[in-house]
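Here's the letter readout for the chains.
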Amino acid sequence: MRDKKYWQEKLQLEAHPEGGYYKEVYRNPNTIQIMNGGGTRNLATSIYFMLGTGDKSHFHQLTSDELWYYHEGATVDVHIFEHGQYRLEKLGCNPEEGESLQILLPRQSIFAAEISSGQELDFGLMGCVVNPGFDFKDFRMIGKEKLMKEYAPYEDLIDQFTLKNL
């Protein structure tokens, strides 16, 4: 059985600043001009992304849409704050249990992720496509203080998925 260590080595995954592990596998060479002085971005980018049991993808935000695609392993809970609302999406291969093979994370939404509780496997492997392409200039970690202003009823969740130094 393939496990977390197998995929980390096989895909040459590195630690990601938000948590988890990643490897960029595609960057469209064509570029697009971003409005309002945003510079240029590649049309699209794609990475492998993996979380292990106990890993957290902490709350962060992108200025582009991001699609997550389930590849293998455990179900992943994706916590999303958007337009004053919270929702939980489950990325996995069991649609009869409310899981989706792909999830859209709209631009400017704030999201975090973890392996769903009660999973037998110790990892969740997914692919992530960002359009326009990912650039760290468009990536923001979100701290507790900012989230509490709009999402105070979710303080426990916010405490679990925010880095303490923000």
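Above this text you will find the structure in question.
Only a predicted model underlies this, so the values are computations on that prediction, with no experimental measurement involved.

Chemist: Run through the overall build of the chain, naming residues and quoting values.
Modeler: Tallying secondary structure elements over the chain gives three helices and 14 strands in all. Its C-alpha radius of gyration of 16 Å places the chain within 12% of the 15 Å reference for a compact globule of 166 residues. Judged by the C-alpha coordinates and their principal axes, the chain covers about 50 × 40 × 35 Å. Taking all 166 residues of the chain together, 45% fall into the buried category. For the chain, the proportion of contacts with a sequence separation of at least 24, taken over those separated by at least 6, is 70%. When the accessible surface of the chain is split by element, carbon and sulfur atoms take 49% of a total near 9100 Å². Put simply, the chain has 17 plus and 25 minus side-chain charges, and the middle of one group is 7 Å from the middle of the other.

Chemist: Outline the side chain of E66, listing residues and values.
Modeler: Topologically, E66 is positioned in strand 7 (residues 65-73). One buried charged residue, E66, forms no salt bridge at all, with the nearest opposite charge on R27 at 11 Å.

Chemist: Break down the sheet that holds strand 7 for me, citing the residues and quoting the values.
Modeler: Note on sheets: strands pair through backbone hydrogen bonds, and any given pair is parallel or antiparallel. Strand order in the open sheet formed by six strands is 1-2-5-13-7-11, with antiparallel pairing between adjacent strands. Every interior strand has two partners, whereas the edge strands, strand 1 (14-15) and strand 11 (102-105), have only one. Sheet analysis places strand 2 (residues 21-27) next to strand 5 (residues 45-52), joined by six bridges and oriented antiparallel. Bridging across to strand 5, Y22 finds its partner in F49.

Chemist: Report on the sheet that holds strand 10 (residues 99-100), specifying residues and quantitative values.
Modeler: Across the sheet, six strands lie side by side as 10-9-8-12-6-14; this open sheet has mixed pairing. With one partner strand each, in any of the chains shown, strand 10 and strand 14 (139-141) form the two edges of the open sheet. Sitting on the sheet, helix 2 (residues 144-151) touches strand 6 (57-62), strand 8 (76-82), strand 9 (85-91), strand 12 (110-115) and strand 14, and the angle it makes with strand 8 is about 70 degrees.

Chemist: Describe the packing of aromatic side chains, naming the residues involved and giving the relevant values.
Modeler: With the rule as written, the count across this model stands at twelve aromatic pairs. Among the aromatic residues, those joined into a cluster by ring pairs are F59, F81, Y86, Y151, Y154 and F161.

Chemist: Summarise the nonpolar core; cite the residues concerned and give the values.
Modeler: With 21 residues, the main nonpolar core has W68, V76 and V78 as its most contacted residues. Secondary-structure elements contributing two or more residues to this core are strand 5, strand 7, strand 8, strand 11, strand 12 and strand 13 (123-131). Excluding residues within four positions of it along the chain, V78 makes contact with W68, R87, L88, E89, I103, L105, F111, A112 and A113.

Chemist: How would you summarise the pattern of salt bridges if you had to cite specific residues and measurements?
Modeler: The final tally for this structure, using the stated rule, is eleven salt bridges. The closest approach of N and O atoms between R27 and E24, which form a salt bridge, is 2.8 Å. Take R27: its relative accessible area is 32%, and that puts it in the partly exposed class. The class for E24 is partly exposed, based on a relative accessible area of 34%. The shortest N-O distance in the salt bridge between E82 and R87 comes to 3.1 Å. A relative accessible area of 17% places E82 in the buried class. Put simply, E82, R87 and E89 are held in one network by salt bridges that share partners.

Rules used in this analysis
- Residues numbered from 1 in each chain as written.
- Predicted model: local features only at pLDDT ≥ 70, side-chain atom pairs only at ≥ 80, totals over all residues.
- Heavy atoms only, no water.
- Helix = DSSP H or I, 4+ residues; strand = E, 2+ residues; numbered from the N terminus.
- Rg over C-alpha atoms; globule rule 2.2 N^0.38 Å.
- Buried < 20%, exposed > 50% of the residue type's maximum accessible area, 1.4 Å probe, protein only.
- Contact = heavy atoms within 4.5 Å.
- Areas by Shrake-Rupley, 256 points an atom, 1.4 Å probe, with all protein chains shown as cover.
- Lys, Arg positive; Asp, Glu negative; His and termini not counted.
- Charge placed at Lys NZ, Arg CZ, Asp CG, Glu CD.
- Salt bridge = Lys/Arg side-chain N within 4 Å of Asp/Glu carboxyl O.
- Pairing = 2+ DSSP bridges.
- Axes fitted to C-alpha atoms, helices over the stretch in contact; angles between N-to-C directions.
- Phe/Tyr/Trp six-rings, centres within 6.5 Å; stacked < 30°, edge-to-face > 60°.
- Core = buried A, V, L, I, M, F, W, Y, C linked by side-chain atoms within 4.5 Å.

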